[in-house]
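# Breakdown of the fold
Chain residues, written in single-letter form:
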Amino acid sequence: QVQLVESGGGLVQPGGSLRLSCAASGSIFAINAMSWYRQTPGNQRELVASITSGGSTNYADSVKGRFTISRGNAEHTVLLQMNSLKPEDTAVYYCNGDIAVMLTERYDYWGQGTQVTVSS
């Protein structure tokens, strides 16, 4: 069993910054990629940023230049540094892991979500 736990959400004023953290634990053989998604009421979950095991990153156009995804210092952690936040960044942010539990078994895992609210 694998668990993903997010932290770091909260309320911030427009133009401010937040850093989200996601820690994966459990029976992990290898992590292929980790990503951050976000979702607002009535809308589909959308990809915000992703990072592969090789360090390649990908960002949604709406966050390029403002958000940075990186690996944390602790094993199996990923960070999302969010700068110059806008009200439209308000959403529940979810951590996703493409994780192998055995050499030939890999699954998608999700965290429980953390609320980010950008408002004055």
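Just above, that's the structure.
Below or above, wherever it landed, is the structure these notes cover. These numbers come from a predicted model, not from an experiment.

## Here's the deal with the pairing of strand 8 (residues 77–82)
- Here strand 8 lies mainly inside the structure; 5 of its 6 residues are buried.
- Where strand 3 (residues 18–26) and strand 8 come together, 6 bridges link them in antiparallel fashion. Looking across to strand 8, one finds that leucine 18 is bridged to methionine 82.
- In the sheet, strand 7 (residues 67–71) pairs with strand 8 via 5 bridges, with the strands oriented antiparallel. Counterpart to phenylalanine 67 in the pairing with strand 8 is methionine 82.
- Between the antiparallel neighbours strand 7 and strand 8 lie 5 residues, among them histidine 76 with a positive phi of about 60°.

About the thresholds
Residues numbered from 1 in each chain as written. Predicted model: local features only at pLDDT ≥ 70, side-chain atom pairs only at ≥ 80, totals over all residues. Heavy atoms only, no water. Buried < 20%, exposed > 50% of the residue type's maximum accessible area, 1.4 Å probe, protein only. Helix = DSSP H or I, 4+ residues; strand = E, 2+ residues; numbered from the N terminus. Pairing = 2+ DSSP bridges.

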